[in-house]
Amino acid sequence: MEDKGKVTDYFDDYSAYMDIDMMKMYDGQLTSLEDHLCLHYFYCHSCQHQETNIIQE
């Protein structure tokens, strides 16, 4: 699986340039800001499987 980056980077054309802490308010993980967590998008080129996983900062 390849780490394709933060889930919030895929929200729209400009979200990758927004403040990371502000975007954590919209990532779907209620405690990501307080717990220093980051949701990342993973993709497998072999089987086209995709998933999100939590990364500890």
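Below is a short write-up of the structure. (Residues numbered from 1 in each chain as written. Predicted model: local features only at pLDDT ≥ 70, side-chain atom pairs only at ≥ 80, totals over all residues. Heavy atoms only, no water.)

**Concerning the overall build of the chain**
For the chain, the count of helices and strands is one helix and three strands. Reading the chain from its N terminus to its C terminus gives the helix and strand order β-α-β-β. Dimensions of the chain, computed from the C-alpha atoms along their principal axes, are close to 35 × 25 × 15 Å. Buried positions account for 28% of the 57 residues belonging to the chain. When contacts within the chain are restricted to residue pairs at least 6 apart in sequence, those whose partners lie at least 24 apart make up 36%. Split by element, the accessible area of the chain, about 4,200 Å² in all, is 54% carbon and sulfur. (Helix = DSSP H or I, 4+ residues; strand = E, 2+ residues; numbered from the N terminus. Buried < 20%, exposed > 50% of the residue type's maximum accessible area, 1.4 Å probe, protein only. Contact = heavy atoms within 4.5 Å. Areas by Shrake-Rupley, 256 points an atom, 1.4 Å probe, with all protein chains shown as cover.)

**Regarding the sheet that holds strand β2 (residues 37-43)**
Taken in spatial order, the three strands make up an open sheet running β1-β2-β3, and their pairing is antiparallel. Two strands in the sheet have a free side with no partner beyond their single neighbour: β1 (2-6) and β3 (50-56). Between one strand axis and the next, the sheet turns through 35° on average, direction left out of account. Across seven bridges, the pairing between β2 and β3 is antiparallel. Bridge assignment links Leu-37 to a residue of β3, and that residue is Gln-56. (Pairing = 2+ DSSP bridges. Axes fitted to C-alpha atoms, helices over the stretch in contact; angles between N-to-C directions.)

**Concerning the side chain of Ser-32**
Counting through the fold element by element, Ser-32 comes out in the loop between α1 (20-23) and β2. For Ser-32, a relative accessible area of 1% corresponds to the buried category. A polar contact of 3.3 Å, which involves the side chain of Ser-32, links it to the backbone oxygen of Gln-29. In this structure Ser-32 touches Lys-24, Asp-27 and Leu-37, once residues within four positions along its chain are discounted. (Polar contact = N/O pair within 3.5 Å; in protein donor to acceptor, adjacent residues only side chain to side chain.)

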